[in-house]
Amino acid sequence: MDGNQLISIGTLSERTGVSVSAIRFYEDKGLLQSLRTSGNQRRFMRSDIRRISFILIAQKLGLGLAEIERELARLPQGRTPTKADWEKVSRSIREELNERISLLERTRDKLDGCIGCGCLSLKKCRLYNPEDEAGASGPGPRFVLG
């Protein structure tokens, strides 16, 4: 591998805005892979900047570390991922993201309606839950999140 493609953990931290300890954590979790110098210093591929960017974006979107690890495992090790490699990851998470977007939109719309009625109580609400019929089905905001 070309030495120009390798960067230190400090440089990776500076380029991504992610702390060195977080980079070590990601490495421990298998999200990143470093090489070691003869002095046992970590070196990362320059393309790991993109991997960390993906981790940060995926976390903002609500993906857990296991999901992120699964997606990053689709990328090649030892070479910079191509556009086609990243497109595979994008296609893989697209359906899940669409489901989350749909849930958020439904929740927003139903929550607006619920709060808008003024009673703030599904137990008393005659519109969504007359006579607390939903209470017999168990706990939780099923009308809003369902």
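Look up a bit, the structure's there.
Residues numbered from 1 in each chain as written. Predicted model: local features only at pLDDT ≥ 70, side-chain atom pairs only at ≥ 80, totals over all residues. Heavy atoms only, no water.

Peer 1: Please set out the packing of aromatic side chains residue by residue, giving values where relevant.
Peer 2: In total, this model carries two aromatic pairs according to the counting rule given. With a centroid separation of 6.2 Å and 55° between ring planes, the pair formed by Phe25 and Tyr26 is classed as tilted. In this structure Phe25 comes out as partly exposed when scored by relative accessible area, which is 37%. Relative to Trp86, the ring of Phe54 has its centre 5.8 Å away and its plane inclined at 50°; by these criteria the two rings are tilted. Within this pair, whereas Phe54 is found in helix α3 (residues 48-60), its partner Trp86 is found in helix α5 (residues 83-117), the two being separated by 32 residues in sequence. (Phe/Tyr/Trp six-rings, centres within 6.5 Å; stacked < 30°, edge-to-face > 60°. Buried < 20%, exposed > 50% of the residue type's maximum accessible area, 1.4 Å probe, protein only. Helix = DSSP H or I, 4+ residues; strand = E, 2+ residues; numbered from the N terminus.)

Peer 1: Requested: an account of the sheet that holds strand β2 (residues 35-36), with residues and values cited.
Peer 2: On the basis of which strands lie adjacent, the open sheet formed by three strands has the order β1-β3-β2 and antiparallel pairing. Each edge of the sheet is formed by a strand with only one pairing partner; in this case those strands are β1 (6-8) and β2. Direction of pairing for β1 relative to strand β3 (residues 42-45): antiparallel, over a ladder of three bridges. Bridged to Ile7 within β3 is Phe44. (Pairing = 2+ DSSP bridges.)

Peer 1: I'd like a rundown of the nonpolar core, residues and numbers included.
Peer 2: Leu12, Ile23, Phe44, Phe54, Ile68 and Leu72 are the most contacted members of the largest nonpolar core, which has 22 residues in total. Those elements that place two or more of their residues in this core are α1 (9-16), α2 (20-28), α3, α4 (65-72) and α5. The dominant element in this core, judged by the number of residues it contributes, is α3, at five residues. (Core = buried A, V, L, I, M, F, W, Y, C linked by side-chain atoms within 4.5 Å.)

Peer 1: Report on the side chain of Glu96, specifying residues and quantitative values.
Peer 2: Positionally, Glu96 belongs in helix α5. In this structure the side chain of Glu96 is engaged in a polar contact, spanning 2.7 Å, whose partner is the side chain of Arg100. (Polar contact = N/O pair within 3.5 Å; in protein donor to acceptor, adjacent residues only side chain to side chain.)

Peer 1: Requested: an account of α3, with residues and values cited.
Peer 2: In a regular helix each residue adds 1.5 Å, so 13 residues correspond to 18 Å; α3 covers 18 Å between its end C-alpha atoms and thus fits that length. Listed as buried for α3 are Asp48, Ile49, Arg51, Ile52, Phe54, Ile55 and Ala58. (Expected span 1.5 Å × (residues − 1).)

Keep in mind these numbers describe shape, not what the thing actually does.
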